[in-house]
Amino acid sequence: MCIRDRYTTAAVYPDDGILRGTGTIVTLPEDPMHQRTLDGRPALAAAFDRGGWGSGTGPGSLMGSIALMRQTLHDARWYEAARTTAAANGLEPPARQDDLAALVPVMHGTQHLMVDVRDHKEAMRAGALANECDIELVVLGEGDEFRDLSGIQSLACPVIVQVDYPEAPRLASIDQAIRVPLRTLQSWEQSPTNLRRLRDHGIFTCVTTTGLDNPADVRSALRQAIHAGLTADEALAAVTVHPAELLDIDHQAGRIAPGMLANLVICDGELFDEDTTIDETWVGGWRDDHKREPLVTLKGKGQMHIGSAQAEATIDTSAKKLSVTLDDGTALKTKKVDITGHRVQASMDGRILDETGWLRISGVIRDDELLGRAVRADGSTMPCLLYTSDAADEGLGVDLGGRR
């Protein structure tokens, strides 16, 4: 579910080998402390990787890779049947094989097998294997599915689409133009139409940033797809609603509705317009401002209170500096000081509480005060107040540290 130069939620998979293993679904807030793992149905990743001659890393041919994957899947089915039969008849079970046991959900159809293919022809081979083994397939495509739309449609499976379009061919001279193959020209011209054509054929599609040098380029890539006939709503669904449905987390993410995770994007225009600026995002209710210049200024010396602890503090939001000194003159280390909008976040030496490790401070600036909370290493919190005036302390204000 893409927002600006990153996703609010990601399905992360191993990227090496033939049968690579199951992924996991995580949220991606700016602060890793707020990251969480979501319960869903991540696929088991696979690919027809070839080790090459003398590499010792696996089959050296496409045929060998497919054969190895087919045999392993059939072995997993046999392993599960043998275990079930042994348990039902009081027989000795087969030797423990954790690698085959990990494939059992795929063989039962409760987990997808996501095959990373190199082209549309490999996608058809993956479909034939999935049909033979009676498994649920997801194709992680290469972006050339438009070359065989009827074949891709016959797979009757979701397609995760790459939007890493080919660069324009170099045609600076007649000689260069003559040497450019027709297939290269077709790929350059037709690749942005791929998503629209897949959708026109009723194929369930999602978009991935795989292949892009910078994940932020996904917006410009989808903008090209929109210019090639994809609607803006379909482009948005390809990075929000559809991935959530595929991962079986559509009851938690992918839409704005009561009870859903607060994954939001706030912008000053239509998301895919070229001149639209994204001001802030929210990941699970935690805000990430993209306007990096402070909207307010707080500068000077004062007092910091964390729970019942107290220390002298100096803050300068313009310079993004925070220093804290204990009553005995000990200077406490601070790091990762970030001033965004009216919010301040920083990590600080836990010795202010007579603890080892770091505290995470998060709060908002109001007049001459920073009100918020401190989070210990164990996740527990306590109110935090930093003020720069000489006024008497009238009580601790508590902010939800990123929520409104």
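So, here's what we can say about the structure. From a predicted model like this one, the values you see are computed outputs, not experimental measurements.

## Considering the overall build of the chain
Consideration 1: If you tally the helices and strands in the chain, you get 11 helices and 22 strands.
Consideration 2: Expressed as a percentage of the 404 residues in the chain, the buried residues total 46%.
Consideration 3: Considering only intrachain contacts with a sequence separation of at least 6, the fraction spanning at least 24 residues in the chain is 52%.
Consideration 4: Counting only carbon and sulfur atoms, one obtains 49% of the accessible surface of the chain, whose full area is about 20,800 Å².

## Some remarks on the sheet that holds strand S9 (residues 159-162)
Consideration 1: The 6 strands are arranged S4-S6-S7-S8-S9-S10 in an open sheet whose pairing can be described as mixed. Bordering the open sheet on either side are strand S4 (19-22) and strand S10 (205-208), each of which pairs with just one other strand. Taken pair by pair, the neighbouring strands of this sheet meet at an average axis angle of 25 degrees, ignoring direction.
Consideration 2: Relative to strand S8 (residues 137-140), strand S7 (residues 113-116) runs parallel, the two sharing 4 bridges. Residue pairing for S8: leucine 113 is matched across the bridge by leucine 137.

## Quick word on the side chain of aspartate 49
Consideration 1: Inspection of the secondary structure puts aspartate 49 in the loop between strand S6 (44-47) and helix H1 (62-89).
Consideration 2: Sequence-distant contacts of aspartate 49, that is, excluding residues within four places in its chain, are made with Asp16, Gly17, Ile18, Arg20, Pro59, Ser65 and Arg118.

## Re helix H4 (residues 120-133)
One full turn of an α-helix is made of 3.6 residues, so residues set three or four places apart face in the same direction.
Consideration 1: Taking 1.5 Å of rise per residue, 14 residues should cover 20 Å, and H4 covers 20 Å from first to last C-alpha, within 8% of that figure.
Consideration 2: Where H4 is concerned, the buried positions are His120, Glu122, Ala123, Ala126, Gly127, Leu129, Ala130 and Cys133. For H4, the angular spread of the buried residues around the axis is 165 degrees, confining them to a single face. Among the exposed residues of H4, those oriented more than 90 degrees off its buried face are Lys121 and Asn131.
Consideration 3: Along its buried surface, H4 packs onto H1, helix H3 (104-108), S7, S8, helix H5 (149-154) and helix H7 (182-190).

## Side note on the pattern of salt bridges
Consideration 1: All told, the structure shown has 9 salt bridges when counted by the stated rule.
Consideration 2: Salt-bridge contacts for arginine 20 lead to aspartate 116; the nearest nitrogen and oxygen are separated by 3.8 Å. One end of the pair, arginine 20, is in strand S4; the other, aspartate 116, is in strand S7, and 96 residues separate them in sequence.
Consideration 3: Where aspartate 349 meets arginine 351, a salt bridge forms, and the shortest distance between an N and an O atom there is 3.1 Å.
Consideration 4: On the basis of relative accessibility, which here comes to 39%, the residue arginine 351 falls in the partly exposed class.

## Remarks on the packing of aromatic side chains
Consideration 1: Taken as a whole, this structure holds 0 aromatic pairs when the rule is applied.
Consideration 2: Here the basic side chain of lysine 335 rests over the ring of tryptophan 358, its NZ or CZ set 4.1 Å away from the ring centre.

## Overview of the side chain of arginine 219
Consideration 1: Its location among the elements puts arginine 219 in helix H9 (residues 217-227).
Consideration 2: Of the side chains with opposite charge, aspartate 268 comes closest to the buried, unpaired arginine 219, at an N-O distance of 7.4 Å.
Consideration 3: Here the side chain of arginine 219 touches leucine 271 through a polar contact of 2.5 Å, landing on its backbone oxygen.
Consideration 4: When residues no more than four places from it in sequence are discounted, the contact partners of arginine 219 are Leu271, Phe272, Asp273, Thr276 and Ile278.

What counts and what doesn't
Residues numbered from 1 in each chain as written. Predicted model: local features only at pLDDT ≥ 70, side-chain atom pairs only at ≥ 80, totals over all residues. Heavy atoms only, no water. Helix = DSSP H or I, 4+ residues; strand = E, 2+ residues; numbered from the N terminus. Buried < 20%, exposed > 50% of the residue type's maximum accessible area, 1.4 Å probe, protein only. Contact = heavy atoms within 4.5 Å. Areas by Shrake-Rupley, 256 points an atom, 1.4 Å probe, with all protein chains shown as cover. Pairing = 2+ DSSP bridges. Axes fitted to C-alpha atoms, helices over the stretch in contact; angles between N-to-C directions. Expected span 1.5 Å × (residues − 1). Arc of directions from axis to C-beta. Salt bridge = Lys/Arg side-chain N within 4 Å of Asp/Glu carboxyl O. Phe/Tyr/Trp six-rings, centres within 6.5 Å; stacked < 30°, edge-to-face > 60°. Lys NZ or Arg CZ within 6 Å of the ring centre and 35° of its normal. Lys, Arg positive; Asp, Glu negative; His and termini not counted. Polar contact = N/O pair within 3.5 Å; in protein donor to acceptor, adjacent residues only side chain to side chain.

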